[in-house]
Amino acid sequence: NAGVTQTPKFQVLKTGQSMTLQCAQDMNHNSMYWYRQDPGMGLRLIYYSASEGTTDKGEVPNGYNVSRLNKREFSLRLESAAPSQTSVYFCASYKGSNEKLFFGSGTQLSVL
Amino acid sequence: GQQLNQSPQSMFIQEGEDVSMNCTSSSIFNTWLWYKQDPGEGPVLLIALYKAGELTSNGRLTAQFGITRKDSFLNISASIPSDVGIYFCAGRGFGNEKLTFGTGTRLTIIP
């Protein structure tokens, strides 16, 4: 009954450091997404993957890279973190055909 | 990037009051969704709408898919303390995997 699992839950980075946010889903969904949430901005799409082996840019992809390692896992990488990337990051998965989008519990990232 | 205009941005109400919020877009959507987010958690789906004009209820929640396909409304009747949180609308276009989210409505219940 895990659904979408994100790690870590919290992270503090210094400017210029790199890190990878991990996401895994156990629902056999085809599509996976990375969103960031900032106060007053709602959820903005960073990257998404419609199927294993494919990735596409969302609204705010700059400064990020993604990897769809297999059907279960979709990771988000910050190569050189900047203070503007301080945010709460959510991973989500979607089966398709108007099924609902399932979210992980989020990663709170602070870049100092 | 496109975002949906959601209003109001925040609401302060007393327990027992009814709540209304709406979402508008410049684009037509094939699907409208309403989510609720509790502190420290990811959004959870409340209601999904798939046809223009559709009116769907989930307990005390009622949502409508606008006739123009460019708007949607959510009503909560007889609010209770656990209704506190942030409500997001979201829309999906035809043949589009991407979901666009509104900016959220923060609901607070005044004791």
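Whatever comes next refers back to the structure up there.
None of the values given here were measured: they were computed from a predicted structure.

A. Just the overall build of chain B, in detail. Helix and strand counts for chain B stand at zero helices and 11 strands. Overall, chain B shows an N-to-C arrangement of helices and strands of β-β-β-β-β-β-β-β-β-β-β. Here the C-alpha atoms of chain B give a radius of gyration of 13 Å, agreeing with the 13 Å that 2.2 N^0.38 yields for 111 residues. Along the first, second and third principal axes, the C-alpha atoms of chain B reach 45 × 25 × 20 Å. Once local pairs closer than 6 in sequence are excluded, the contacts in chain B between residues at least 24 apart make up 54%. Between the averaged position of the 8 positive side-chain charges in chain B and that of its 9 negative side-chain charges there is a distance of 11 Å.

B. Fine view of the interface of chain B and chain A. Listed by partner, the interface residues are 21 residues for chain B and 23 residues for chain A. Across the interface of chain B and chain A, roughly 1800 Å² is buried in total on both sides, 52% from carbon and sulfur atoms. The interface formed by chain B and chain A contains five residue pairs in polar contact (both at pLDDT 80 or more). Among the residues forming the side of chain B that touches chain A, the class breakdown is seven nonpolar, 10 polar and four charged.

C. The arrangement of the sheet that holds strand S8 (residues 74-78) of chain A in detail. Residues and elements named next belong to chain A. Pairing is antiparallel across the open sheet formed by four strands, whose spatial order is S1-S3-S8-S7. This sheet does not close on itself; its edge strands, each paired only once, are strand S1 (4-7) and strand S7 (65-68). For this sheet the average axis-to-axis angle between neighbouring strands, irrespective of direction, equals 15°.

D. Examining the sheet that holds strand S1 (residues 5-7) of chain B more closely. All names here are of chain B. Spatially, S1-S3-S8-S7-S6 is the arrangement adopted by the five strands of the open sheet, whose pairing is antiparallel. Both edges of this open sheet fall to S1 and strand S6 (55-58), since each of them pairs with a single strand only. Neighbour-to-neighbour, the strand axes of the sheet open up by a mean angle of 15°, direction not taken into account. In this structure, strand S7 (residues 61-65) lies alongside strand S8 (residues 71-76), joined through five bridges in antiparallel fashion. The residue of S8 that forms the bridge with glutamine 64 is phenylalanine 73.

Rules of the game
Residues numbered from 1 in each chain as written. Chains lettered and ligands numbered in written order. Predicted model: local features only at pLDDT ≥ 70, side-chain atom pairs only at ≥ 80, totals over all residues. Heavy atoms only, no water. Helix = DSSP H or I, 4+ residues; strand = E, 2+ residues; numbered from the N terminus. Rg over C-alpha atoms; globule rule 2.2 N^0.38 Å. Contact = heavy atoms within 4.5 Å. Lys, Arg positive; Asp, Glu negative; His and termini not counted. Charge placed at Lys NZ, Arg CZ, Asp CG, Glu CD. Buried area = accessible area lost by both parts, 1.4 Å probe. Polar contact = N/O pair within 3.5 Å; in protein donor to acceptor, adjacent residues only side chain to side chain. Nonpolar A, V, L, I, M, F, W, Y, C, P; charged D, E, K, R; others polar. Pairing = 2+ DSSP bridges. Axes fitted to C-alpha atoms, helices over the stretch in contact; angles between N-to-C directions.

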